[in-house]
Structure formats: C-alpha cells, structure tokens
Amino acid sequence: MKAWYLLGAALFLTACGGGGSSDRAAPEVAASPTVKFFQADNGANDRQLWKTDGTAAGTSMVKVINAGGGADVEVLGSLGAKTIFQADDGINGRELWVTDGTEAGTLLLKDIHAGTGSTYIPSFAIADGTLYFGAYDNVNGTELWKTDGTAAGTIMVKDIQPGINGTGASNLVTLGTTVYFSASDGVAGYELWKTDGTAAGTVMVADINPGASPSNISEMISVDGMLYFRANDGTHGHELWKSDGTAAGTELVKDIRPGTDPSLPANLVAMDGMIYFTAVESTAQGSELWRTDGTAAGTELVKNINTSTGGSSTANGANIDFLNTVNDKLFFTARSVLGGDDELWVSDGTGAGTMALFTTGNVNYLMVTNDTVLFVGEDAMYGQEMWTTDGTVAGTVLLKDIEPGAGGSDFYSLGEDYFHENAAVPTVELLPGVALIVAFRSDVGGELWKTDGTAAGTKLVKDINPGMGDGF
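Residues numbered from 1 in each chain as written. Predicted model: local features only at pLDDT ≥ 70, side-chain atom pairs only at ≥ 80, totals over all residues. Heavy atoms only, no water.

**Concerning unusual backbone geometry**
Residue asparagine 171 is not a glycine yet carries a positive backbone phi of 55 degrees. Mapping asparagine 171 onto the fold places it in strand β12 (residues 170-175). The backbone of leucine 264 sits at a positive phi, close to 55 degrees, despite the residue not being glycine. Mapped onto the elements of the fold, leucine 264 is located in the loop between β19 (250-254) and β20 (266-271). Leucine 264 sits in the partly exposed class, given a relative accessible area of 37%. (Helix = DSSP H or I, 4+ residues; strand = E, 2+ residues; numbered from the N terminus. Buried < 20%, exposed > 50% of the residue type's maximum accessible area, 1.4 Å probe, protein only.)

**Re the environment of aspartate 185**
Its location among the elements puts aspartate 185 in the loop between β13 (178-184) and β14 (190-195). Classification of aspartate 185 by relative accessible area gives partly exposed; the value is 24%. Sequence separation between aspartate 185 and glutamine 161 is 24 residues; the distance between their C-alpha atoms is 4.7 Å. At 2.8 Å, the side chain of aspartate 185 and the backbone nitrogen of valine 187 are in polar contact. Here the side chain of aspartate 185 touches alanine 188 through a polar contact of 2.8 Å, landing on its backbone nitrogen. (Polar contact = N/O pair within 3.5 Å; in protein donor to acceptor, adjacent residues only side chain to side chain.)

**Re the sheet that holds strand β15 (residues 203-206)**
Across the sheet, which stays open at both edges, the four strands sit in the order β12-β13-β14-β15 with antiparallel pairing between neighbours. Whereas interior strands pair on both sides, the edge strands pair on one side only; in this sheet they are β12 and β15. Taking each pair of neighbouring strands and ignoring which way they run, the sheet shows an average axis angle of 35 degrees. In this structure, β13 lies alongside β14, joined through six bridges in antiparallel fashion. Each residue of the ladder has a partner; that of serine 184, found in β14, is tyrosine 190. (Pairing = 2+ DSSP bridges. Axes fitted to C-alpha atoms, helices over the stretch in contact; angles between N-to-C directions.)

**A closer look at the environment of leucine 414**
Residue position: leucine 414 is located in the loop between β32 (412-413) and β33 (429-431). The sequence separation of leucine 414 and alanine 435 amounts to 21 residues, and the corresponding C-alpha distance is 8.4 Å.

**A look at the confidence of the model for the protein chain**
For the protein chain, per-residue confidence averages 88 on the pLDDT scale, and residues scoring 70 or more make up 90% of the total. A low-confidence stretch, residues 1-30 stays under pLDDT 50, and its non-local contacts, those more than four residues away or across chains, total 106 contacts. (pLDDT = per-residue confidence, 0-100. Contact = heavy atoms within 4.5 Å.)

Rendered as structure tokens:
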C-alpha cells in the first residue's frame, strides 16, 4: 500500500446522488462527458477544488479556496448545474460551498457553524432537486438541513431536539420524494424518521426500541418501495428490519441470531428482487453472506465461505467487502481461510453458484463501471494491478499493467470516499462505462486516469502534480 493511496482519503465525488443506498441507478445516456469535481494537489497550491471532463485540456483547478493550506474538499452532490461541496477556506472553517465550475461561481454557500468552527455533515441524500443533510452548528447541535444551491434556500428543516445536543440526524436515504433518516428527539432515542422537506412533514416513523433507548439504525437502503436497515428493538439485538414508511409497516424481518446477541447485518445490496448482506448467525459461523426476500422464511444463509470454528465471530467470518452487482451476479471479496488473503468471489444467489474467482494473491479493491468488473489483484509478476472478470475463472484476467513489472498501481475509483455508508464503491463515470480512477505509475506518481474497461481505454488523463509528485 503506497503512501499516496492513504493520503487520497479526502476525495468525495458526485456519483449516483445519495448517501446511504447501495442501489446503482442505470447510467443515463449523455451526449458529452459530465464534468466531475474533486480535490487534488498540483504541488504548488496544496489540495484545492478541481474539475475534469476526462481530457487533459478539460482538467483544471477551479479555485484556490484556501490560500494558506489544503481546502479539504468533500463533494456532496449536484443540483442541476450546481455542485454542492464542503471546504475549508482557512477563515470560516469547513463549511458548505457551491460551484458552477467557474472561479467566480465558486462561493461559500452558508457558514452553518458561525465563525472559525467547522460544521460536520455525517450523511446526505438528494430528493426532488433538494440536497438534505445532517449538519452541526454550535447552537443547535446536529440537525436536519436542506439546500437548493442558494444561500436563501439553505435552511434547517426542523429543530427536532432543541438545544446544543441536537438530533444527530444521520443515515439519510431517499425513497421516492421522501428522505428517511435516523434521529433522536430527546425522548425516544435514535429512531426512524422521515421528511418531505417541511417542518410539519418531518416526523418519527416508528419507535422501534420503545422508550428512551435508541434503536441505532444503520446500513439503510431503499429498494422497490421498501427500506431495509439494521436496528435494535431492545429484545433481539441488532437485526435486519424493513419499513414501508409507516409505523404499522415497520417490522423485524428475522432474528438471525436468536436472543439478544446481534447478527449485525451490513453491506446491504439489491439484486433481482433480493437483498444480499453479511450477518453473524453464531460465534462459530461468524459473518457470512445472506439474502432475504423481505420475509423471515425467505431470509437465509447463501454460503458459509469461511468454515473455521473455535474463535470469535470476527475471526471465523469471511470478512466480506466491496459487494457490487452486475448482470445478475454478485461480486465481492472474502476470506475462505482464517488469516488468509482476501479473494475475489462471485455469487448467483445460491450456495452452489457462490465460488472463488481469484485466489493467487490478495484482492484489496473492487469496482463496477457499467457492465465491467475491475479489481486490484496481486501476483508475483505484476504486483497489485488492474484485473477484470466476467464471473468465470477463465474470464478473470489481467486488464492492464499500469506500473510495469512487479510494482503495483493500486488503482481505485475517484469516488471511493464518497459519503456512502456501506462497503460498495461509488463509481464516478464521465460517460456510461467510462470511469475516473486514481492510479500510481512511477514516472508520474499517483494521478488521474480513466478507463472504459479495456486495456487500450485505460489512460492517464492528466499529470496534475507534474513529474513524480502525487496529485492525490
């Protein structure tokens, strides 16, 4: 793992416009590349706001936001021609900004935490042309806010819990034109809430853990008119729940690990009408791959990949990560052996159809762009390089040796650290199937690349920090 990879942790890109869902919207057909915004360092101005259309000429710094250091840019999402992001100008702290892609049109949108203090935005979602987010200020704590991209339209939706403690609004996800989130009103604890963008329409959906104790909702996604998430009702531990947005329609799907011990459902992703996720059935089994159709009877283990026993649930689990779906196949990384490498796996949703594809070395990254699965595979000849798979062992092959020889390029999606609250990697596409990535090559350092899933179409976009300096 190279140092530049670790230093690239502040890249937040507009991908599919939401904060808590693993769903991947079908790519929109575009006549020309979509301009994407990101943070980069050209070696002279530290980390500032940049943009790209996928060409060297169209890749440039938008504005030096912080003349005294890095601007710490985090892009939240786009509202029409405006892109909303957070940045630190060295004067107002880290606050909400807006850009139209020009220097003059890049402005502080709202100093939510007045003065030099920074606001904290734990998650966000976009619904009906409005960006909703939880934000912290030194008067109201963390409450639910929204913006239409204008200063006047950037307002608190509702002061759910008056006072500095705030409601702690987080885990935002969109279902139709309604945004659902976790919040505490100071009476019921952290429970499931929803908003239509008005104070009157911001209400608690259900008190899952009755009384002041929180249900601690997390891992929430929306699929086919239903929310799926992890919650604790105080009796069953952290288990899988679902909701149609009403109190009556909010219910436990299944107590996977019976009793108060939690099964800890995580990494939820949808495929062919089913929800796939990881869960712990017992200490002996550990965290493995499960699926559900939304019913208790239809919630079942897909495969016990790591059959080790005798240790903790963490040790015995398959350490599943990077769940992505494409063409009715689920791709992910997993460990079949205790203490072994992360391998590439594929599943059609059945135990028999769940198998390893790449086991010759560690797999530390996986992403999907359109119908192409790309991953960082490691072997003695090429190091950590770009591989691709069609879901078969024979079709799992080296795509491009970006850093020739045994040294690795360790590529990753430019949207890797986008505000998703699960392990799925957000892909940043200029056009359907043409994704922006960051990769290392020793003659240019860690820089901006693009790929269409072919060796010939995997190209350096621009050496942002000229020479061997890292732009990321």
